[in-house]
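What follows is each chain in one-letter form.
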Amino acid sequence: MTALAIDIGGTKILVALVKDGHVQDWTRGPTDFSGGPADWLDTAAHLAKPWQGQYRTLGIAVTGRVDRSGSWSALNAGTLGIPPNTPLRDMAQDRFPHPVALANDAQAAAWGEYFGNAEADRVRDMVFLTISTGIGGGIVANGRLRTGRSGLAGHFGQIWSDGQPFEARAAGRWLAEEADRTGHRTDAEGVFAAAEMGEDWAVALRGQAVARIARLTADIQMTLDPDRIVLGGGIGLAPGFLAAVEEAQRHLARDLRPMLVAARLGAFAGVVGIADLAERTNA
Ligand code: BMX
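Not measured: the values here are computed from a predicted model. (Residues numbered from 1 in each chain as written. Predicted model: local features only at pLDDT ≥ 70, side-chain atom pairs only at ≥ 80, totals over all residues. Heavy atoms only, no water.)

**Re the site of the ligand**
Note the cut-off: Whether a residue is near a molecule or strand depends on its heavy atoms: it is near if one of them lies within 4 Å of it. Polar contacts here mean pairs of N or O atoms no more than 3.5 Å apart (in protein, one a potential hydrogen donor and the other a potential acceptor; neighbouring residues in sequence count only if both atoms are side-chain atoms). Note on areas: these come from Shrake-Rupley sampling with a 1.4 Å probe, and a residue is covered only by the protein chains present in the view. Classification used: nonpolar for Ala, Val, Leu, Ile, Met, Phe, Trp, Tyr, Cys and Pro, charged for Asp, Glu, Lys and Arg, polar for all others including Gly.
In the vicinity of the ligand, 19 residues are found, and the nearest of them are Gly-64, Leu-75, Asp-105, His-155 and Glu-167. A distance of 3.0 Å is found between a nitrogen atom of the ligand and a side-chain nitrogen or oxygen belonging to Thr-63. In the model, an oxygen atom of the ligand is placed 3.3 Å from a nitrogen or oxygen of the Ile-135 main chain. When isolated, the ligand has an accessible area of 460 Å², and the protein chains bury 93% of it. A breakdown of the residues in the shell around the ligand according to their chemical character gives five nonpolar, twelve polar and two charged.

Structure below.
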């Protein structure tokens, strides 16, 4: 079966035609930060126009929380200013006359990384953690994606430690702001590149991000004890990052240490995951 899959993130909107877990075609456009949900959905509908008639189901993954009724809200409006209780399901149906599955972007990505990958390795419990501009996540327990009572499950970036959410002190926006504070105008990628060159300020910043993600993943292990924790996002997949987190966890007893694995689908995890959820929902 072929599904149209849409992933609305804080900076880009990815639209893909997905068949049996494989991306057949894709395109993307920017998320207009000053716009609103109607603009973002219009952009997605416009991008998908050339594929009209080629799909039977629709999946939409979004940054922010989606509850069971299909209502969409921001947890961190700094990522994207989604008005509280935006009627995402109704707005999607106004534009697409197809059955629709909805999920948070990182929950969808967790499912994308799970089915056909972790599932094939006989993994039953898996956590996905994306570390990019913000920090998002998803939980697969006993082979099923858990979204929770109101769509919150897996929002690890919103867990607090030392007086602030992890997202505010380990993700891309924080790295860029801290770099700026020490007189280096760059983004997270620039911080990592400078750290690779051995520049002290960048090595120190990378070290802080690594220590916090080591703490967060150890806490996730303690809470859910998954078979593996999959790291994704630009920071999660930055060269050397995963190995550095593992190094920071060497002091933990072996059975308390998370099994960390790099994400395999990269930027496509969300669309692959939501397409499969759409097909399962409408099978
Ligand atoms: C935020 C939160 C999560 C999202 C995560 C990663 C909002 C708008 N978003 O923690 O729902 O999964 O960011 O989002 O509250 P991304 O856009 O960086 O992929």
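Anyway, onward from the coordinates.
**Overview of the sheet that holds strand β2 (residues 12-19)**
Just so we agree on the cut-off: Being paired, for any two strands, means DSSP has found at least two bridges between them. Secondary structure elements follow DSSP: runs of H or I no shorter than four residues count as helices, runs of E no shorter than two count as strands, and numbering proceeds from the N terminus. A fitted line through C-alpha atoms serves as each axis, taken over the contacting stretch for helices, and the angle formed by two N-to-C directions is quoted from 0 to 180°.
Pairing within the open sheet is mixed, and its five strands lie in the order β3-β2-β1-β4-β8. Looking at strand neighbours, the two that pair on one side only are β3 (22-30) and β8 (100-104), the edges of this open sheet. Averaged over all neighbouring strand pairs, the angle between strand axes comes to 15°, with direction disregarded. Here β2 pairs with β3 via eight bridges, running antiparallel.

**Quick word on helix α5 (residues 172-181)**
Where we set the bar: Three labels apply to residues, based on accessible area from a 1.4 Å probe with only protein chains included: buried if under 20% of the type maximum, exposed if over 50%, partly exposed otherwise in between. Directions are taken from the helix axis to each C-beta atom, and the arc is the one they span. Working rule for contacts: check all heavy atoms of both residues, and any pair within 4.5 Å makes them a contact.
For α5, the set of buried residues is Gly-172, Trp-174, Leu-175, Glu-178 and Ala-179. Buried residues in α5, looked at end-on, bunch into an arc of 160°, giving them a common side. Buried-residue contacts for α5 involve α4 (167-170), α6 (188-196), α7 (200-224) and α8 (233-236). In the segment just after α5, Gly-183 is the residue with positive phi, at about 85°.

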